[in-house]
Each structure stands twice: as C-alpha cells, then as structure tokens.
Amino acid sequence: MQLDYTHLATLAAILRCGSFEGAASDLSLTQSAISQRLKALEERVGTLLVHRTNPCTGTDAGRRLAAHADHVGLLEQTLHADIAALAPLPQSRLRLAVNADSLATWFLDALQQLPDHLFDLTIDDQDFSADWLKRGEVAGAVTAHATPITGCDSHALGSLRYLATASPAYMARHFAEGVTPATIARAPMLRFDQKDELQKHWIKRYVGTATTTTTAATPPSHGLPSSQGFVEASLRGLGWGMNPEPLVRAHINAGRLVEIMPDAPFDTPLYWQSSRLLRTALTPLTRAIRQTARLGLRQGGRQTG
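Source: prediction; values computed, not measured.

Caption draft 1: Structural view of the overall build of the protein. A tally of helices and strands in the protein yields 12 helices and 11 strands. By residue count, 47% of the 305 residues in the protein fall in the buried class. Contacts in the protein between residues at least 24 apart in sequence constitute 73% of all its contacts with a sequence separation of at least 6. About 14,900 Å² of surface is accessible on the protein, with carbon and sulfur atoms providing 52% of the total.

Caption draft 2: The arrangement of the side chain of T59 in detail. Along the chain, T59 turns up in the loop between strand 2 (57–58) and helix 4 (60–82). Here the side chain of T59 touches L48 through a polar contact of 2.9 Å, landing on its backbone oxygen. Setting aside anything within four residues of it in sequence, one finds T59 in contact with L48, L49, V50 and H51.

Caption draft 3: Quick peek at the confidence of the model for the protein. Counting all residues, the mean pLDDT for the protein is 88, and 90% of those residues have values of 70 or more. Throughout residues 210–216 the model reports pLDDT below 50, and contacts reaching past four residues in sequence, or to other chains, amount to 10 contacts. Note on residues 301–305: pLDDT under 50 across the span, and 16 contacts to partners over four residues away in sequence or across chains.

Caption draft 4: Highlighting the packing of aromatic side chains. Enumeration according to the criterion identifies 4 aromatic pairs in this entry. With a centroid separation of 5.9 Å and an interplanar angle of 70 degrees, the aromatic rings of Y170 and F175 are classed as edge-to-face. Look at Y170 and you get buried, because its relative accessible area is 0%. Between W202 and Y206, the aromatic rings sit 5.5 Å apart at their centres with planes inclined by 45 degrees, giving tilted as the arrangement.

Caption draft 5: Representation of the pairing of strand 5 (residues 140–143) within the structure. Because side chains alternate across strand 5, one face comprises the buried residues G140 and V142, and the other comprises A141 and T143, equally buried. Where strand 3 (residues 92–98) lies against strand 5, 2 bridges are found, and the strand directions are parallel. Across the sheet, the residue bridging to L96 is G140, located in strand 5.

Caption draft 6: Summary view of the nonpolar core. Grouped together as the largest cluster of nonpolar side chains are 43 residues, with contacts concentrated most on W106, F175, W202, W240, I260 and L285. Where this core is concerned, the elements lending two or more residues are strand 3, helix 5 (100–111), strand 6 (152–166), helix 7 (168–174), helix 9 (198–206), strand 11 (266–275) and helix 12 (279–296). Here this core gets 6 residues from one element, more than from any other, and that element is helix 12. Among all residues touching W106, those that are not within four sequence positions of it are V142, L157, L270, I289, T292, A293, G296 and L297.

Caption draft 7: Examining the pattern of salt bridges more closely. If you walk through the whole model with that rule in mind, you get 15 salt bridges. A salt bridge links E232 to R236; the nearest nitrogen and oxygen atoms lie 2.8 Å apart. Of the residues examined, E232 reaches a relative accessible area of 35% and is grouped as partly exposed. Salt bridges linked by common partners bring D60, R63, R135 and E137 together as one network.

Caption draft 8: A look at helix 1 (residues 5–17). Across its 13 residues, helix 1 extends 18 Å between first and last C-alpha, which sits within 8% of the 18 Å expected from 1.5 Å per residue. G18, located one to two residues past helix 1, shows a positive phi value of around 85 degrees.

Caption draft 9: Up close: helix 3 (residues 31–45). Between its terminal C-alpha atoms helix 3 stretches 21 Å, which fits the 21 Å expected from 15 residues at 1.5 Å a residue. Those residues of helix 3 not exposed but buried are I34, L38, L41 and E42. Each buried residue of helix 3 lies within a common arc of 100 degrees when the element is viewed along its axis, so the set occupies one face. Exposed residues lying more than 90 degrees from the buried face of helix 3 are Q36, K39 and E43. On its buried face, helix 3 is in contact with helix 1, helix 2 (20–27) and strand 1 (50–51). Remark: G46 follows helix 3 within two positions and exhibits a positive phi of approximately 80 degrees.

Calculation rules
- As a convention, each chain's residues are numbered from 1 in the sequence order in which they are written.
- Under the rules for a predicted model, residues below a pLDDT of 70 receive no local features and side-chain atom pairs below 80 are neither given nor counted, while totals for whole chains, interfaces and linings still include all residues.
- In computing side-chain values, all of the structure's heavy atoms are included and hydrogens and water are not.
- Counting from the N terminus, the helices are the DSSP runs of H or I reaching at least four residues and the strands are the DSSP runs of E reaching at least two.
- Only protein chains enter the accessibility calculation, which uses a 1.4 Å probe; a residue whose area is less than 20% of its type maximum is buried, one above 50% is exposed, and one in between is partly exposed.
- What makes two residues a contact is simply this: any of their non-hydrogen atoms within 4.5 Å.
- For the accessible areas, the method is Shrake-Rupley and the probe is 1.4 Å, while residue cover comes only from the protein chains on display.
- Two N or O atoms form a polar contact when they lie within 3.5 Å of each other; inside protein one atom must be a possible hydrogen donor and the other a possible acceptor, and for residues adjacent in sequence the pair counts only when both atoms belong to side chains.
- A residue's pLDDT is the predictor's confidence in that residue, given on a scale from 0 to 100.
- A pair of aromatic rings is counted whenever rings of Phe, Tyr or Trp (Trp by its six-membered ring) have centres within 6.5 Å, and the orientation is called stacked for planes under 30 degrees apart, edge-to-face for over 60 and tilted otherwise.
- At least two bridges found by DSSP between two strands is the condition for calling them paired.
- What is meant by a nonpolar core is a set of buried Ala, Val, Leu, Ile, Met, Phe, Trp, Tyr and Cys residues, joined one to another through side-chain atoms within 4.5 Å.
- Salt bridges are counted wherever a side-chain nitrogen of Lys or Arg sits within 4 Å of a carboxyl oxygen of Asp or Glu.
- An expected span of 1.5 Å times one less than the residue number is assigned to each helix.
- The arc in question is traced by the directions running from the helix axis to the C-beta atoms.

Written out as structure tokens, the structure is:
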C-alpha cells in the first residue's frame, strides 16, 4: 500500500502538537487542510488514526504510522548528508523510549551531542521500554533486555546502581528495630508506577518474607512517577525507595539520606537497542549513547539486577 508522505507528516504533526490547530500552525496550513489530509489518510489505511480528544492522541495504527514518517525523515537526512548537492532538510525527529531514571541521570548528556536532531521521548520502565521498539513506534530504546529484538541491534551500556534510601527520621520511625520482613511489610515505600518492581526485587534479595506471610513483598506504597520526586519524597520522610546512586550520593554523604540496609546495592544492566534498518542513520546517536553510558553507568564488576 502506497502512502502519501505529506499525509503522514500531517499525522505526525497532529500527534506531536496534540491538536489540529497546533499541527496547522506547525505546517503553515489551515485547519481545514489538516483535517482533509488526515481524513484522506484514514480512508487510505481503512482505520481510525487519531483520537479526537484534548489533547489528540494516536491509535495504535496512528502511532506506528507517525513513527514511520519520522523514520523516513531520518533516512532522508542521512541521504542529504551523503549527497551534498541536495537542498538542506529540516531537523530530523527521533522517537526514542527511555526509562525515567536514565533520563534523570545520564541520557540527556548523549542527546546534547546531537544538536541537529529533534527528540520525542517516551518514558517507560526499563523492563517494558523495548515493547515500543517491537511495535515499531520508536527508532531505539534504553532497555533491560539484552537479547536483540527482531530487526534490531543491541549494545550493552553498563549498569545503573540503585540504593534503598530513606531519611534518618523515617528510619527512626519505621526501622528502629532494623529492616526485617515484619518491619518492611508495614513501612510505606515509594513506587514509580504499577510497572515498578525494583523495590519488590530488592526486598526479595536482601530481606525476604516473613514465614507466615508474603506481605513483605508488597508493603503500603506511594505512587510517585518522578525520579527527582522520588528523591524529594525520600528526603521529606514520605517513604523509602530505590533511588539511582547518582541522584542521592551527595545526600547520603551529607547525612540527609541513609541506606536502609548497608552494602545492599541493586544494579540494573541497561542496553541500547535500535532499528537495524536505520543503523547508518542512527550511528551518531548510538555512538553518543555508548560513549555517555561509559561515563554515567557502572562498567563491569558485580551486576546484581
């Protein structure tokens, strides 16, 4: 099925801007033209592509087609670099999936090295970020999965170390008797979202469960989908949580936070997986990510994730 790439670019603009009005402004078109292009594309593919909500969101098919449009733009920019006689093209847009803690610690240092690109970042847990790549909705993903996804290259990046941390006041209130299956079952913890299993894995490894109950694996929790918010909530004594070491080391050294159990780190190995079809076009990004990861992540040694 042959698709009109001006229609695909219109779809991508609608999802990027969140509205028909924003897409019209972005593409210097009327809202009527935007609506007509989208209608023609939906009729061509035979399915709804955009949920007409506020903001507009893409259906599964819509997100995949929008990502395809961005991938084509990236390939065209690579072609432009190889054929200097072509007229300059606009900045290419890269859709990537990355876990929030990588974004908060080291990932932006890599993106900073590519000023000629625009980025659309999807934030998802490292155990699930590869799903966006499997569905063809992103060009690359930082993931906990080492095995290459079909049609993708996989590069080991290193490990992000997490420390189970809390404020001294919280420790005195909830763990005066030590961190045991019984005390941790009652102590409020921080959880990024329903996909976040780091705290559960840490408890299983270092604390275990009480002999008569399994509730130690699922203590009461605050839902807090923010890496920086996790640290701030820990400082304020709302709960204990698995914080990336780069975000809390200074607080630990200053005594504002403590590890709830000494010498109990949790290392999560991370990998960069990216589309093999776009390998040449993504080479500068892949190089920047691998170079930055060598500085921002733990290399070698014990990996306990």
